[in-house]
Amino acid sequence: MDKKKYKKVAVGGTFDRFHYGHRKLLKKAFEIGEMVIVGVSSDVFGGAKGNIDPCNERMSNLVRFLANDYNNFHISRLDDIYGTTIYEDDFDAIVVSKETEPTAIEINKIRKSKKMKTIDVITIDFVFADDGVPISSTRIRNGEIDIKGHLLSENSI
């Protein structure tokens, strides 16, 4: 087994309408981390995004997806944007999208103020749909695209 760059890596999200952007985010976390802690937005916290699938369902979907290829992960419920990254000192890195990079920077500010070591922030690029706009769960829910970013309606052109 190849030596990973980091011992413990955080990655989080709502993971609703599990799509190719989510896959890229998770793939990067597993590429670099010996242990990956996956935070999934709770129903209350994630509910601010609109009509999303229940947290337990989203967590189960993730377990099914990840268990095919990995055994070095733990999935936990997120009740805020920080999760355990501001309490547990042993994180080495966090993998984020460009959209959530500001949260990672904020996490490091909080960690520093608590005299914790800062963590490396690994930012991935968006995965774009066929129309050049990033794939998002919202666009999938709205029926514009599928999980691969293929256009589904004339209105989304």
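Residues numbered from 1 in each chain as written. Predicted model: local features only at pLDDT ≥ 70, side-chain atom pairs only at ≥ 80, totals over all residues. Heavy atoms only, no water.

Colleague: Looking at this model, I keep getting lost on the pattern of salt bridges. Mind explaining?
Modeller: Opposite charge on two side chains makes pairing possible when the charged atoms of those side chains draw close. By the definition in use, this model includes 14 salt bridges. Between Asp 16 and Arg 141 there is a salt bridge; the shortest N-O distance is 2.4 Å. A residue pair is termed long-range when its members are at least 10 positions apart, and Asp 16 in the loop between strand E1 (6-13) and helix H1 (20-32) and Arg 141 in helix H5 (residues 137-141) qualify at 125 residues. In this structure Asp 16 comes out as buried when scored by relative accessible area, which is 1%. Across the salt bridge formed by Lys 28 and Glu 31, the nearest N and O atoms sit 3.3 Å from each other. (Salt bridge = Lys/Arg side-chain N within 4 Å of Asp/Glu carboxyl O. Helix = DSSP H or I, 4+ residues; strand = E, 2+ residues; numbered from the N terminus. Buried < 20%, exposed > 50% of the residue type's maximum accessible area, 1.4 Å probe, protein only.)

Colleague: I tried to follow the sheet that holds E1 on my own but got confused; where do I start?
Modeller: Where strands meet in a sheet, backbone hydrogen bonds hold them as pairs that are either parallel or antiparallel. Strand order in the open sheet made by the 5 strands is E3-E2-E1-E4-E5, with parallel pairing throughout. The sheet is open, and its two borders are formed by strand E3 (73-78) and strand E5 (120-124), each paired with just one other strand. Within this sheet the neighbouring strands show an average axis-to-axis angle of 25°, counted without direction. Relative to E5, strand E4 (residues 93-97) is paired through 5 bridges, and the arrangement is parallel. Across the sheet, residue Ser 97 finds its bridge partner in E5, namely Ile 124. Running over the sheet, helix H3 (residues 55-67) touches strand E2 (33-41) and E3 and is turned about 165° from E3. Contacts between helix H4 (residues 101-113) and the sheet are confined to E4 and E5, with E4 contributing the most and set at about 155° to the helix. (Pairing = 2+ DSSP bridges. Axes fitted to C-alpha atoms, helices over the stretch in contact; angles between N-to-C directions. Contact = heavy atoms within 4.5 Å.)

Colleague: Explain the environment of Ile 135 to me, please; I cannot follow it from the model alone.
Modeller: The residue Ile 135 is located in the loop between E5 and H5 in this model. Counting along the chain gives 126 residues from Ile 135 to Val 9, while the straight-line C-alpha distance between them is 24 Å. If near-sequence neighbours (up to four positions away) are discounted, Ile 135 is found in contact with His 19, Tyr 20, Val 127, Phe 128, Ala 129, Ile 140, Ile 145, Ile 147, Lys 148 and Gly 149.

Colleague: Just checking my understanding: could you explain the environment of Val 9 for this structure?
Modeller: For Val 9, the location among the structural elements is in strand E1. The exposure class of Val 9 is buried, given its relative accessible area of 0%. Distance in space between the C-alpha atoms of Val 9 and Arg 77 is 16 Å, their sequence separation being 68 residues.

Colleague: How do you make sense of the pairing of E4 when you look at a structure like this?
Modeller: The side chains of a regular strand alternate between both faces of the sheet. When you tally the buried positions in E4, you get 5 out of 5 residues, the bulk of the element. Taking every second residue as pointing to the same face, both faces of E4 are buried, with Ala 93, Val 95 and Ser 97 on one and Ile 94 and Val 96 on the other. As defined by bridge partners, E1 adjoins E4 across 3 bridges and the pair is classed as parallel. Considered in E4, the bridge of Val 9 is made with Ala 93. In the classification by handedness, the crossover that spans E4, the intervening H4 and the parallel E5 is right-handed. (Right-handed = clockwise from strand over helix to strand, strands pointing away.)

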